[in-house]
Amino acid sequence: MIVNLNIQGKTVIVIGGGSEAQKRINSLIKEKCNITVISDKVNSQISKFVKSKKFN
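Below or above, wherever it landed, is the structure these notes cover.

1. Section: the pattern of salt bridges
The final tally for this structure, using the stated rule, is 2 salt bridges. Glutamate 20 is paired through a salt bridge with lysine 23; the nearest N and O atoms lie 3.1 Å apart. Highlighted residues: glutamate 20 and lysine 23, both in helix α1 (residues 19-29), separated by 3 residues, approximately one helical turn. For lysine 23, a relative accessible area of 47% corresponds to the partly exposed category. Across the pair arginine 24 and glutamate 20 runs a salt bridge, and its minimum N-O distance is 3.6 Å. Separated by 4 residues within a single helix, arginine 24 and glutamate 20 lie in helix α1, roughly one turn from each other. Linked through salt bridges whose partners overlap, the residues forming this network are Glu20, Lys23 and Arg24.

2. Focus: the environment of isoleucine 29
Mapping isoleucine 29 onto the fold places it in helix α1. A relative accessible area of 25% means that isoleucine 29 is categorised as partly exposed. In this structure the C-alpha to C-alpha distance between isoleucine 29 and lysine 41, which are 12 residues apart in sequence, comes to 20 Å.

3. Concerning α1
Residues of α1 that are buried include every one of Ala21, Ile25 and Leu28, and no others. Within α1, the buried residues cover an arc of 60 degrees as seen down the axis, which keeps them to one side. Of the surrounding elements, those touching the buried residues of α1 are β1 (11-15), β2 (34-38) and α2 (44-51).

4. Observations concerning unusual backbone geometry
Notably, lysine 32 is not glycine yet its phi reads approximately 55 degrees, a positive angle. Structurally, lysine 32 is set in the loop between α1 and β2. Overall, lysine 32 belongs to the exposed group, its relative accessible area being 60%.

Definitions and cut-offs
- Residues numbered from 1 in each chain as written.
- Predicted model: local features only at pLDDT ≥ 70, side-chain atom pairs only at ≥ 80, totals over all residues.
- Heavy atoms only, no water.
- Salt bridge = Lys/Arg side-chain N within 4 Å of Asp/Glu carboxyl O.
- Helix = DSSP H or I, 4+ residues; strand = E, 2+ residues; numbered from the N terminus.
- Buried < 20%, exposed > 50% of the residue type's maximum accessible area, 1.4 Å probe, protein only.
- Arc of directions from axis to C-beta.
- Contact = heavy atoms within 4.5 Å.

Set out below in structure tokens:
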């Protein structure tokens, strides 16, 4: 199912820090929204995104 949401400028919360969360984050970065990740641990790619200040 394809869903087209207007989330530009809105805050989106991603729960988890594994490979599935990374797939969602990769899509969300293109939408120019504010991304907040809630997780005890994150994988290396998500960690790189945080360090480059792409999201919270």
